[in-house]
Amino acid sequence: MARYINITLEKRGVTCKALLHDDVAPRTAKAVWDALPLSGQVFHGKYARNEIYNLVPAFAPAEPGAENTTVTPIPGDVCYFTFTSNDLKTPSHGYEQDSETDSVRTVVDLAVFYGRNNLLLNGDSGWVPGNVFATIVEGLDEMAAACQDIWMGGARDETLTYSRAVDTDA
């Protein structure tokens, strides 16, 4: 049976629905599903272009590893990345001093890609493949407009939340 998640920008009141890829990213889909709900401060992509994401502490009993990876996500892709907090401490990333990157720990980046021409190439570290674990099937246009508002209007005080969809009909 297909499983769906809701992805919400809380302050802007925008939600889209995504189909989990239990078929091609089963470990990642299971890890995310089992950890829901997950919320955190939203950020807009700096390198990848048309991306919003949040950073949450590692939640899987074991990291899922690479599956269904891409470095060229398309509109509607929902991706999972892992980093160490040291990866995020570089001055080019611009996270605030209180963003808890002082100790080395695993951080999960959950990202939504809302437009075309994305390339996961970071000037500090090179290629950054992500696991595509879900695809937005409802509400992409509304989410893309809200993401553009984050880009132009700012991300401060906006929360990105991933939760289980109550209704499983797409």
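Look above for the structure.
What counts as what
- Residues numbered from 1 in each chain as written.
- Predicted model: local features only at pLDDT ≥ 70, side-chain atom pairs only at ≥ 80, totals over all residues.
- Heavy atoms only, no water.
- Buried < 20%, exposed > 50% of the residue type's maximum accessible area, 1.4 Å probe, protein only.
- Helix = DSSP H or I, 4+ residues; strand = E, 2+ residues; numbered from the N terminus.
- Pairing = 2+ DSSP bridges.
- Contact = heavy atoms within 4.5 Å.
- Polar contact = N/O pair within 3.5 Å; in protein donor to acceptor, adjacent residues only side chain to side chain.
- Salt bridge = Lys/Arg side-chain N within 4 Å of Asp/Glu carboxyl O.
- Phe/Tyr/Trp six-rings, centres within 6.5 Å; stacked < 30°, edge-to-face > 60°.
- Lys NZ or Arg CZ within 6 Å of the ring centre and 35° of its normal.

S.K.: Which parts of the structure should I look at to understand the pairing of strand S5 (residues 51-57)?
M.R.: When a strand is regular, its side chains alternate between the sheet's two faces. S5 sits mainly inside the fold: five of its seven residues count as buried. The pairing of strand S4 (residues 43-44) with S5 spans two bridges and is antiparallel. Pairing of Phe-43 across the sheet is with Tyr-53, part of S5. Pairing of S5 with strand S8 (residues 106-113), which is carried by seven bridges, proceeds in the antiparallel orientation. Each residue of the ladder has a partner; that of Asn-54, found in S8, is Leu-110.

S.K.: In this structure, what is going on with the environment of Ala-155? I would like to understand it.
M.R.: Within the secondary structure, Ala-155 is located in the loop between helix H2 (140-153) and strand S12 (159-164). Residue class for Ala-155 comes out buried when judged on its relative accessible area of 16%. Taking the C-alpha atoms as reference points, Ala-155 and Gln-41, 114 residues apart in sequence, are found 7.9 Å from one another. Leave out the neighbours within four places in its chain, and Ala-155 touches Gln-41, Val-42, Phe-43 and Ile-150.

S.K.: Is there a simple way to explain the side chain of Glu-158 in this structure?
M.R.: By secondary structure assignment, the location of Glu-158 is in the loop between H2 and S12. A distance of 2.7 Å separates a polar side-chain atom of Glu-158 from the backbone nitrogen of Lys-11. Beyond its immediate sequence surroundings of up to four residues, Glu-158 is in contact with Leu-9, Glu-10, Lys-11, Arg-12, Gly-40, Gln-41, Val-42 and Ile-150.

S.K.: What should I look at first to understand the environment of Val-24 in this one?
M.R.: Secondary-structure assignment places Val-24 in the loop between strand S2 (14-20) and helix H1 (26-35). In the structure, Val-24 is positioned 107 residues away from Asn-131 in sequence and 9.8 Å away in space, judged by C-alpha atoms. Each residue touching Val-24, except ones within four places of it in the same chain, is listed here: Glu-67 and Asn-68.

S.K.: Sorry if this is basic, but what is going on with the pattern of salt bridges here?
M.R.: Close approach of charged atoms lets side chains of opposite charge pair. Under the criterion given, the structure shown has five salt bridges. A salt bridge links Asp-22 to Arg-3, with the nearest nitrogen and oxygen atoms 2.5 Å apart. Of this pair, Asp-22 sits in the loop between S2 and H1 while Arg-3 is found in the segment before strand S1 (4-9), placing the two residues 19 residues apart along the sequence. On the basis of relative accessibility, which here comes to 28%, the residue Asp-22 falls in the partly exposed class. The salt bridge partner of Glu-158 is Arg-12, with a shortest N-O separation of 2.8 Å. Highlighted residues: Glu-158 in the loop between H2 and S12 and Arg-12 in the loop between S1 and S2, separated in sequence by 146 residues.

S.K.: Got a minute to help me understand the packing of aromatic side chains in this structure?
M.R.: To describe a pair of aromatic rings, one takes the distance between the centres and the angle between the planes. For the structure on display, the rule yields three aromatic pairs. Pairing Phe-43 with Tyr-53 gives two aromatic rings, centres 5.5 Å apart and planes at 25°, and the pair type is stacked. Taken together, the residues span a long stretch of sequence, with Phe-43 in strand S4 and Tyr-53 in strand S5 at a distance of ten residues. Geometrically, the ring pair formed by Phe-81 and Phe-83 is stacked, given 6.2 Å between the ring centres and 15° between the ring planes. Above the plane of the ring of Tyr-4 lies Lys-17, whose end atom (NZ or CZ) is 5.1 Å from the centre.

Fair warning: the whole summary comes from geometry, so function is off the table for now.
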